[in-house]
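Geometric and topological summary
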Amino acid sequence: YGRGEGGTRSSTGGHGTGIWSIGEAPAEDIDLLIVSWFDIRGRREAISGIIRKYEDIFTVPIDLAPVVTPVRLMFIPHRFNWRRLISNSKLLYGPPRLAHTLSRRYGDSFARDRRLAWSLLFDQGLRLIEVIAHEQGVLRRRRGGSIAAHQGKLFREIALAITLSVGRYEDSVDLQLHEFIVLMDELEDSRGNFDHLRLLKSLLPKAVSLLREPEQPALDMPENWLYHLNLWLEADHFLSENLPLCPEPLLRMRLARCRKTISAIAGNQGIIPPRQYRSVKRLTALLQWVREHVFLI
């Protein structure tokens, strides 16, 4: 939202309230990261007070990221989403130069390290398995997050992983969209079988539009999970052709497990086979663990 690329919704009364005095507010939640020398994870009352304070200020839900120490903040793991969160952070309270220090330390890592695409693909694979499991009743459905919004984010992140893997990372969403379309045009003459990625070229502008304006009427997007599953598998194949193997052994092992599960669901026409229930539950439990911890490995 701060860069003008996040989704927006109309504010109360159409005229805006509180800090959203321009008639619109962010459509998604806000990630709040607490940095502390002390272990305050058990102080639920104090943390709840912090969350309530900022929810009243921002009038949007607050998603509390794990509490970390200043030392750990200087050693953020080799994961795309964590580095993007830290490098794009805005300081609410603390040392004024902290945000600048973090941006300088992690801000250019996307352009320098194409291997971050593996962690981005893995995150999206876990989230895809989770949303399908909720839709098909394998897991209890969680509140929040529409299917259309999930589709939009999945499409955008897959395209981002593809462009990152070939060294064409751009921070701006519009430039990411442009780079992906150009890359797909170049693939037209290749022998690789990337039909789902090529189709994504036409769906991506709709996905970006939906993320920016979730209140608009539903867009015409594929509703069959089979397309999403095959899209992820094609992206995985594309990364394998353009990147060295994932460098972290544990992440590589988990990625292989995620790939095997997605392949099994795709082979069953998008329906989770009963024999995969255990694997799906283990992977979604891993996703929940990842959400609550700074380090993936």
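Notes on the structure follow. Residue numbers run consecutively from 1 along every chain, following the written order of its sequence. Local features in a predicted model are, by the rule used here, given only for residues with pLDDT of at least 70; side-chain atom pairs are given and counted only at 80 or more, and totals for whole chains, interfaces and linings are based on all residues. Values reported for side chains reflect all heavy atoms of the structure, with hydrogen atoms and water molecules removed beforehand.

Quick word on the pattern of salt bridges
Just to be clear on terms, a salt bridge is a Lys or Arg side-chain nitrogen sitting within 4 Å of an Asp or Glu carboxyl oxygen. Under the definition given, this model contains 7 salt bridges. Across the pair Arg168 and Glu179 runs a salt bridge whose closest N-O atoms are separated by 4.0 Å. Taken together, the positions of Arg168 in the loop between helix H7 (147-165) and helix H8 (173-187) and Glu179 in helix H8 put the pair 11 residues apart, joining distant regions of the chain. Only protein chains enter the area calculation, which uses a 1.4 Å probe; residues under 20% of their type maximum are buried, those over 50% are exposed, and those in between are partly exposed. Here Arg168 falls in the partly exposed class, since its relative accessible area comes to 23%. Relative accessible area serves as the criterion here: at 18%, Glu179 is assigned to the buried category. Overlapping salt bridges, with partners in common, bring together Arg168, Glu179 and Glu186 in one network. The secondary structure listing takes helices from DSSP runs of H or I that are at least 4 residues long and strands from runs of E that are at least 2 residues long, numbered from the N terminus.

Considering the nonpolar core
Take the buried Ala, Val, Leu, Ile, Met, Phe, Trp, Tyr and Cys residues and link them wherever side-chain atoms come within 4.5 Å; each set so joined is a nonpolar core. Residues Ile158, Ile162, Leu200 and Trp232 are the most contacted members of the largest nonpolar core, which totals 59 residues. Elements represented by at least two residues in this core include exactly helix H6 (116-135), H7, H8, helix H9 (195-212), helix H10 (225-242), helix H11 (249-267) and helix H12 (277-292). A total of 12 residues in this core trace back to one element, the largest contributor, which is H6. In what follows, a contact means two residues having at least one pair of non-hydrogen atoms within 4.5 Å. Excluding its chain neighbours within four sequence positions, the residues that come into contact with Leu200 are Phe155, Ile158, Ala159, Phe180, Tyr227 and Leu231. Ranked by size, the runner-up nonpolar core spans 10 residues in total, among them Leu32, Ile40, Ile47 and Val67.

Description of the packing of H10 against H11
Only the stretch in contact is used when fitting a helix axis, every axis being a line fitted to C-alpha atoms; angles between N-to-C directions are given from 0 to 180 degrees. Running from N to C, H10 and H11 point in directions that differ by 140 degrees, and their axes come no closer than 9 Å. Our classification of the angle between H10 and H11 gives oblique. Both H10 and H11 take part in a crossing whose hand is left-handed. Residue-level contacts link Leu226, Leu229, Asn230, Trp232, Leu233 and Asp236 of H10 to Leu255, Cys258, Arg259, Ile262, Ser263, Ile265 and Ala266 of H11. Should an angle lie under 35 degrees it is considered roughly parallel, over 145 roughly antiparallel, and from 65 to 115 roughly perpendicular; all remaining angles are considered oblique. Working rule for handedness: look at the near helix, and if it is turned counterclockwise from the far one by less than a right angle, call the crossing left-handed; if clockwise, right-handed.

Overview of the packing of aromatic side chains
When the centres of two rings from Phe, Tyr and Trp lie within 6.5 Å, Trp using its six-membered ring, the rings pair. Their planes under 30 degrees apart give stacked, over 60 give edge-to-face, and anything left gives tilted. All chains considered together, the criterion is met by 3 aromatic pairs. Plain terms: the ring middles of Phe80 and Tyr169 are 6.2 Å apart, the flat faces sit at 70 degrees to each other, and that makes the pair edge-to-face. One end of the pair, Phe80, is in helix H3 (residues 80-87); the other, Tyr169, is in the loop between H7 and H8, and 89 residues separate them in sequence. Residue Tyr169 is classed as buried on the basis of its relative accessible area of 13%. Ring centres of Phe194 and Phe238 lie 5.5 Å apart, and the angle between their planes is 75 degrees; this geometry places the pair in the edge-to-face category. Taken together, the positions of Phe194 in the loop between H8 and H9 and Phe238 in helix H10 put the pair 44 residues apart, joining distant regions of the chain. For the pair Phe194 and Phe238, one class covers both residues: buried.

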